[in-house]
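Topology and contacts: notes
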Amino acid sequence: MWRSTAGLRLSAVGKRSATSISQGSLARRTGTRYLRGISTATTAEVVRSPASSRQASGAAALKSAPPEHHEQNEHNAIAPNSLPSSRIDERKVIVGWDTHTWSRYHHIWLRDHCRCPQCFHPVTKQRLVNTFEIPSDVRPVAVESKPDGLEVTWPSVQPHTSFYPWSWLRQNSYDPPLSRPSAPEKILWGSKILQDPPTVTYEEVMAEDERGVFKWLSRVDKFGFCFISGVPPTPEATEELSRRIGFIRETQYGTFWDFTSDLAKGDTAYTTLALGAHTDTTYFTDPCGLQLFHLLEHTGGSGGATLLVDGFYVASILKELHPTAYELLASVRVPSHAAGEPNALYTPTPRAGYPVLRHLDGELTQVRWNNDDRSVMNHLEASVVEEWYDAVRKWHKLLTSADSEYWIQLSPGTAVVVDNHRVLHGRSAFTGKRRMCGAYIGVDEYRSKLAVLNEKFAPDTVVQGTSTCASENGRNIWHPLL
Ligand SMILES: C[N+](C)(C)CCCC[C@H](N)C(=O)O
Ligand SMILES: O=C(O)CCC(=O)C(=O)O
């Protein structure tokens, strides 16, 4: 076991190669869990880690919110005898959740965030208020703590009353931040995922009420991929399945693709060659979000197995074993291109491309790696060249280790969808006639569909608490994503 820079304890997942890591107990990252697969394990055991540290701190901060024993009416308000206090300060409104916890909201911020029908379109959820006509020294004439939320009355020249639900104010408290939604849980996996891979059935996914689509995409969000069993082995059924997520992203390879090894398109995917673990469309500024594959036919030959590797899992191991290499992969930009089609020549903007491991606020958010599609590395500092090659060599060694690689032989009837921002895919060389079909879905289409399904099947607590504020088209004006 070793301790990571982030104070994590990581475990081995099965036996490992030369860079083997010792067995250890499980680690947890905020919102991330690890499959506990040890060589003697008979089944992959997902260890339910306690709430993430971020959730814990948020909960701790909220503990000082009005005591839990208060009645809450159906608007998730707090019983009258324990309403949060509110008062007007020089530049801010101060809300006292209890004697230990306060939030401060600038007057200009509150006025700008009014969501009355005059300031915020109840159907389109677009802002109507003219931010720039709000006087920079705007100041309420009165504030009042109501059972459901805070009522603010603005200057009489244009009488205007705003209302903010307590749960919304608390969720959006910025001075101080009180509760940040925890990162969606991720379960990182290695080869042991083969014991219990995420799967849904075609029947579930195609059912009218979309609960099956929610189950499907929730698994993709958690694992980075999910199989779909029982799919009729036709391109038509596979396209219809793809469209359950959202509209298909058309590229130089077409919209819904149905391909074989005939070089119909200028890419090695249209050959019998093996393809190492990679993510697709690294040459787009905005790489595709999901990739769906369905093997329709493979006759008169062998090979053509499908490879999946959890890039987030491998990155976590690289970070523990080779932090310097990790930092290089997180900082050095990698240019790439798609130049096999005469009428297409794709390169990302900026031309230098993007790092292999992309981070936002310190969190790994995207793996972008296709060594076959990489362009000339002409922007490396001379002093970094050999270090970078050493770093990607370490990355490649972990990517291709027996502990990381999950090989499956797809067959007609079982499709797989992959989060192309996290999970790398590949295939072994093959002989014979092999026909694969599938589609790309844009990352925003995927995230939008999941957000709508979450709204429907797992609504946010603020949305639940302010359901009476839902306006036309059913979407709540206090939705946390607005
Ligand atoms: C999926 N489909 C066969 C249509 C195209 C494959 C394109 C593969 C390309 N080298 C990339 O990595 O983006
Ligand atoms: O043919 C396959 O199984 C996968 C091809 C591939 O990697 C791709 O299309 O990106």
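Rules and cut-offs
Residues numbered from 1 in each chain as written. Chains lettered and ligands numbered in written order. Predicted model: local features only at pLDDT ≥ 70, side-chain atom pairs only at ≥ 80, totals over all residues. Heavy atoms only, no water. Pairing = 2+ DSSP bridges. Helix = DSSP H or I, 4+ residues; strand = E, 2+ residues; numbered from the N terminus. Axes fitted to C-alpha atoms, helices over the stretch in contact; angles between N-to-C directions. Contact = heavy atoms within 4.5 Å. 1 Å grid on protein atoms, 1.4 Å probe; cavity = no way out; pocket = protein on both sides within 12 Å on 5 of 7 lines; lining within 4 Å. Points joined across faces, edges and corners; volume = space filled by probe spheres on them. Nonpolar A, V, L, I, M, F, W, Y, C, P; charged D, E, K, R; others polar. UniProt positions renumbered as here; feature names shortened; annotations may be inferred. Buried < 20%, exposed > 50% of the residue type's maximum accessible area, 1.4 Å probe, protein only. Arc of directions from axis to C-beta. Domains from an automatic or database assignment. pLDDT = per-residue confidence, 0-100. Polar contact = N/O pair within 3.5 Å; in protein donor to acceptor, adjacent residues only side chain to side chain.

1. Here we look at the sheet that holds strand β21 (residues 415-419)
Here six strands make up an open sheet; going across it, the order is β10-β11-β21-β14-β23-β12 and the pairing mixed. Since the sheet does not close on itself, it has two edges, and those belong to β10 (199-201) and β12 (257-259), each with one partner. For this sheet the average axis-to-axis angle between neighbouring strands, irrespective of direction, equals 25°. As paired strands, strand β11 (residues 225-229) and β21 are joined by four bridges and run antiparallel to one another. When the bridges of β21 are listed, Ile228 appears paired with Ala415. Of the strands in this sheet, β10, β11, β14 (290-299) and β21 are in contact with helix α5 (residues 211-223), which crosses β11 at around 145°. The strands touched by helix α6 (residues 235-243) are β11, β12, β14, β21 and β23 (433-441); relative to β14, the strand with the most contacts, the crossing angle is about 165°.

2. Section: empty space enclosed by the protein
Rolled over the atoms, a probe as big as a water molecule pinpoints where empty space is left. Applying the stated criterion across every chain yields a total of two cavities of 30 Å³ or more. If you add up the space inside the largest cavity, you get close to 380 Å³. Lining the largest cavity are 25 residues, with Ala269, Leu275, His278, Asp280 and His425 positioned closest to its centre. Among the residues forming the lining of the largest cavity, the class breakdown is 11 nonpolar, eight polar and six charged. Approximately 60 Å³ is the volume found for the second largest cavity. If you go around the second largest cavity, the residues you meet are Thr282, Val334, Pro335, Ser336, Tyr354, Arg368, Trp369, Asn370 and Arg374. The class makeup of the residues in the lining of the second largest cavity is four nonpolar, three polar and two charged.

3. Examining the UniProt feature "domain: TauD/TfdA-like" (unreviewed entry) in the protein
Feature annotation in UniProt places "domain: TauD/TfdA-like" (unreviewed entry) on residues 196-440, given in this structure's numbering. Across residues 196-440, helical content stands at 25% and strand content at 26%; the span's end C-alpha atoms are separated by 25 Å.

4. Side note on helix α8 (residues 323-331)
Those residues of α8 lying buried are Ala325, Tyr326, Leu328 and Leu329. For α8, the angular spread of the buried residues around the axis is 160°, confining them to a single face. Packed against the buried residues of α8 are α7 (311-321), β17 (354-355), β18 (357-360), β19 (363-367) and α9 (385-399).

5. Focus: the domain arrangement of the protein
Annotation of the protein at the domain level lists domain 1 (85-172) and domain 2 (191-441). For domain 1 versus domain 2, the distance between C-alpha centres works out to 46 Å.

6. Brief notes about the layout of surface pockets
Approximately 270 Å³ is the volume attributed to the second largest pocket. Along its surface, the second largest pocket is lined by 17 residues, and Ala277, Trp369, Asn371, His396 and Leu399 are the ones closest to its centre. Elements represented by at least two residues in the lining of the second largest pocket include exactly β13 (275-278) and α9. Considering every element that reaches the lining of the second largest pocket, the biggest residue donor is α9, with five residues. Class assignment for the residues of the lining of the second largest pocket results in seven nonpolar, six polar and four charged.

7. Here we look at the confidence of the model for the protein
Of the residues in the protein, 82% have a pLDDT of 70 or more, and the chain-wide mean is 86. With pLDDT under 50 throughout, residues 1-30 is counted as low confidence; its partners more than four residues away or in other chains account for 83 contacts. For the stretch residues 36-80, pLDDT sits under 50, and the model shows 85 contacts to residues farther than four places along the chain or on other chains. Predicted complex, confidence summary: ipTM 0.99, pTM 0.84.

8. With respect to the environment of Tyr253
For Tyr253, the position within the fold is in the loop between α6 and β12. Under the relative-accessibility criterion, Tyr253 is labelled buried at 11%. Placed 12 residues apart in sequence, Tyr253 and Lys265 show a C-alpha to C-alpha distance of 6.7 Å. Tyr253 has contacts with Lys265, Asp267, Tyr270, Tyr283, Ala338 and Tyr440, leaving out every residue within four places of it along the chain. Within the local environment of Tyr253, its side chain forms a polar contact with the side chain of Gln252, the two groups lying 3.3 Å apart.

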